[in-house]
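Summary of the model geometry
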Amino acid sequence: MDTTAPQPATPPAEEPPAPDRTRFWSGLCAGLFVPVALLGGLLTLTGERAGRCMTYGEQCGDQLPGRLFGWSLALAAVACVVALAAPAARVRRVAFATQLLAEFVALTVILSHT
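Residues numbered from 1 in each chain as written. Predicted model: local features only at pLDDT ≥ 70, side-chain atom pairs only at ≥ 80, totals over all residues. Heavy atoms only, no water.

1. Some details on the packing of helix 1 (residues 22–45) against helix 3 (residues 66–85)
- Axis separation between helix 1 and helix 3 bottoms out at 9 Å; the angle between their running directions is 150 degrees. It follows from the interaxial angle that helix 1 and helix 3 lie roughly antiparallel. Of the two possible hands of crossing, helix 1 and helix 3 adopt the one that is left-handed. Of the residues in helix 3, those in contact with Arg23, Ser26, Gly27, Ala30 and Phe33 of helix 1 are Leu73, Cys80, Ala83, Leu84 and Ala85.
- Per-class residue counts for the contact of helix 1 with helix 3 are seven nonpolar, two polar and one charged. (Axes fitted to C-alpha atoms, helices over the stretch in contact; angles between N-to-C directions. Helix = DSSP H or I, 4+ residues; strand = E, 2+ residues; numbered from the N terminus. Parallel < 35°, antiparallel > 145°, perpendicular 65-115°, else oblique. Left-handed = near helix turned anticlockwise from the far one by under 90°. Contact = heavy atoms within 4.5 Å. Nonpolar A, V, L, I, M, F, W, Y, C, P; charged D, E, K, R; others polar.)

2. Observations concerning the state of the cysteines
- As enumerated under the stated definition, the model contains zero disulfides in all.
- This cysteine, Cys29, is not joined by any disulfide, and Cys80 carries the nearest cysteine sulfur, 8.9 Å off. (Disulfide = S-S within 2.5 Å.)

What follows is the structure, encoded as structure tokens:
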């Protein structure tokens, strides 16, 4: 007679979830925003309209749309803080997407002013 009891089948080991890199990417995008904005501003200054404005004082039309630029920067800053501090991964992902969108709007405002 066999006295060994059958061993229960062990479930296969689940793989650990992939690490959430949202905080890293949010910080990186926030850190790269300033150099990219400065480069965009420099690119704007090399345009014909900006050159004529600086040289001859002609075609110095509108100012940079300050409200849109300011609101998008403020939204990007708040979203960055939420993406870095939120405990839930889903909230961090939504905040990171909001941050990217707001930074994109701010850079578009800079580049569209050429």
